[in-house]
Amino acid sequence: MTSGEIPVHSPLLLPKPIPDLAAEEFSLFQALVLRESGIHLGAKNRAMLVGRLWKRLRTLELSSFSAYYRRVKADPQELVLMLDCICTNETHFFREPAAFECLRGRVFPEWMALAEANKRSRTLRVWSAACSTGEEPYSLAMTLLSEFPPSSGWNIEVLGTDLSTKVLARASAGIWPAERLSDVPVDYQRRFLLRGFGPEKGKIKAADELRHIVRFQRMNLTQVPYPVNGPFDLIFCRNVLIYFEWETKIKVVDRLGKFLTPDGYLFLGHAESLHGVADKLHSVTPKVFPAPRVPTARSSALCILQRRENASRD
């Protein structure tokens, strides 16, 4: 027989078909994911759930989603891996530039003035909640180090948290494909990022100056108590609340607000308006972002909050 030929009687090894996800099984996963992460899976997410969890079934050599559900319920580590599969981890450097423009135009000058008047310390603590692969906390670190240099007595601390252990491992490594650089200012690229060469060509790495001030840990925004030490001058929790049900949004925003300093700010995503929700926080968006000459839905929807006891000062 010629090498490489298959005998007529030999069975072909075809890939295993993806099992069906029955309505009852989907309901079980819906309830489990909601309870463990706060993420609401609607009917439109059924196909997504099948596609992402099938990878785990194949790895574990399980033949049904019911069997996988039982495995998840019995194994806390598999529960973490399941949530890793479900989380959507879209991010990039300096996402939603208007937020960073606000920091430079309003927030940073305010903090500098308070420090000059000895009304606040020169330590800035920042929290990037749901930080994914780390582009956001590193973007914040670059911005802060540029505006508040350690040589002037400033101390910067940046914390990144996420539900997914998979993305946190990548964030801690601080290495990305070079094509991610497109949104990073050139002067930041030169100062804070290293280009790989040889076998590492095509990659970028966070320089030690960044890595020394940024740390990461796993955290679930829907589970209390939060394993972080406050307070924070700045909290970014952007494009996360859209996955939560209304009651969960209220609870998460209220908890985050308790971790703010009196002159701190909570930045949410451009599509995450919480009008009438956060009774212990107030929106400063109208004063932060003056009406643009050509109004856009994107600019008008930005949501920035502060502790309500500061309302009189604004």
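All residue numbers refer to positions counted from 1 along the written sequence of the respective chain. Under the rules for a predicted model, residues below a pLDDT of 70 receive no local features and side-chain atom pairs below 80 are neither given nor counted, while totals for whole chains, interfaces and linings still include all residues. To obtain the side-chain values, all non-hydrogen atoms of the structure were included, while hydrogens and water were left out.

### Looking at the overall build of the protein chain
When helices and strands are counted, the protein chain shows 12 helices and 10 strands. Under the scheme applied here, a residue whose accessible area is under 20% of the maximum for its type counts as buried, over 50% as exposed, and between as partly exposed, the area being computed with a 1.4 Å probe on protein chains only. Expressed as a percentage of the 314 residues in the protein chain, the buried residues total 48%. Pairs at least 24 residues apart make up 75% of the contacts formed inside the protein chain by residues separated by at least 6 positions. Computed by Shrake-Rupley with a 1.4 Å probe, the accessible areas treat only the displayed protein chains as cover when residues are assessed. Taken as a whole, the protein chain presents about 16,500 Å² of accessible surface, with 55% of it coming from carbon and sulfur. Labels follow the DSSP assignment, with helices taken as runs of H or I lasting at least four residues and strands as runs of E lasting at least two, numbered in each case from the N terminus. Pairs of residues are marked as contacts when any of their non-hydrogen atoms sit within 4.5 Å.

### Some details on the sheet that holds strand β2 (residues 155-162)
Strand order in the open sheet formed by seven strands is β6-β2-β1-β7-β8-β10-β9, with mixed pairing between adjacent strands. Of all strands in the sheet, those with a lone pairing partner are β6 (214-218) and β9 (281-283), marking the two edges. The mean angle between the axes of side-by-side strands here comes to 20°, regardless of whether they run parallel or antiparallel. Relative to β6, β2 runs parallel, the two being bridged by five bridges. Across the sheet, residue Gly 160 finds its bridge partner in β6, namely Phe 216. Should DSSP find at least two bridges between two strands, the strands are taken to pair. Lines fitted to C-alpha atoms define the axes here, with helix axes fitted over just the stretch in contact, and angles between the N-to-C directions of these axes take values from 0 to 180 degrees.

### Some points on a positive patch on the surface
Residues enter patches when their relative accessible area tops 30% and they take part in no salt bridge; the joining distance is 9 Å for like charges and 5 Å for the nonpolar side chains Val, Leu, Ile, Met, Phe, Trp and Tyr. Salt bridges are defined as contacts in which a side-chain nitrogen from Lys or Arg sits within 4 Å of a carboxyl oxygen from Asp or Glu. Lys and Arg are tallied as positive, Asp and Glu as negative. Neither His nor the chain termini are counted. The location of each charge is read from NZ of Lys, CZ of Arg, CG of Asp or CD of Glu. Among the surface-exposed residues, Lys 55, Arg 58, Lys 166 and Arg 170 lie close enough to one another that they form a single positively charged patch. Elements supplying a minimum of two residues to the positive patch: α2 (46-60) and α7 (165-173). Topologically, Arg 58 is positioned in helix α2.

### Some details on the sheet that holds strand β3 (residues 175-177)
Pairing is antiparallel in the open sheet, where three strands are placed in the order β3-β5-β4. Edge strands, defined here as strands with exactly one partner in the open sheet, are β3 and β4 (193-195). In this sheet, adjacent strand axes meet at a mean angle of 30° when their direction is disregarded. Pairing analysis gives three bridges linking β4 to strand β5 (residues 203-206), with the strands arranged antiparallel. Bridge assignment links Leu 193 to a residue of β5, and that residue is Ala 206.

### Considerations on the pattern of salt bridges
Applying the stated criterion across every chain yields a total of 13 salt bridges. With a shortest N-O distance of 3.0 Å, Arg 120 and Asp 233 are connected by a salt bridge. Of this pair, Arg 120 sits in the loop between α5 (97-116) and β1 (123-129) while Asp 233 sits in strand β7 (residues 232-237); the two residues are 113 residues apart in sequence, bridging distant segments of the chain. In this structure Asp 233 comes out as buried when scored by relative accessible area, which is 4%. A salt bridge links Arg 238 to Glu 136, with the shortest nitrogen-to-oxygen separation between them at 2.9 Å. Taken as a pair, Arg 238 in the loop between β7 and α10 (246-257) and Glu 136 in helix α6 (residues 135-147) lie far apart in primary sequence, 102 residues in all. Note on accessibility: Arg 238 and Glu 136 belong to one class, buried. Salt bridges sharing common partners tie together Glu 96, Glu 136 and Arg 238.

### A few points about the nonpolar core
Side chains that are nonpolar tend, in soluble globular proteins, to be buried together. Of all hydrophobic cores here, the largest spans 46 residues; its most connected members are Met 82, Trp 127, Leu 221 and Leu 266. For this core, the secondary structure elements donating two or more residues are α1 (23-37), α2, α3 (65-74), α4 (76-86), β1, β7, α10 and β8 (260-268). Sequence-distant contacts of Leu 266, that is, excluding residues within four places in its chain, are made with Ile 235, Cys 237, Val 253, Leu 256, Leu 260, Leu 281, Cys 303, Ile 304 and Leu 305. Counting 43 residues, the second-largest nonpolar core is a separate cluster that includes Leu 124, Leu 234, Tyr 265 and Val 284. By nonpolar core we mean a set of buried residues, namely Ala, Val, Leu, Ile, Met, Phe, Trp, Tyr and Cys, connected to one another through side-chain atoms within 4.5 Å.

### Overview of unusual backbone geometry
The omega angle of the peptide bond from Val 224 to Pro 225 is 0°, so this bond is cis rather than trans. Within the secondary structure, Pro 225 sits in the loop between β6 and β7. Look at the link from Gly 230 to Pro 231: it is a cis peptide, with omega at 0°. For Pro 231, the location among the structural elements is in the loop between β6 and β7. Of note in the backbone geometry, Glu 61 takes a positive phi value of approximately 60° without being a glycine. Along the chain, Glu 61 falls in the loop between α2 and α3.

### Remarks on α1
Expected span, for any helix, means 1.5 Å times one less than how many residues it has. Its 15 residues give α1 an end-to-end C-alpha distance of 21 Å, which sits within 8% of 21 Å, the value for a rise of 1.5 Å per residue. Of all the positions in α1, only Glu 25, Phe 26, Phe 29, Leu 32, Val 33, Glu 36 and Ser 37 are classed as buried. Considered in projection along α1, the buried side chains sweep an arc of 130° and stay on one side of the axis. Check the buried side of α1 and you find it contacts α2, α3 and α4. The arc in question is traced by the directions running from the helix axis to the C-beta atoms.

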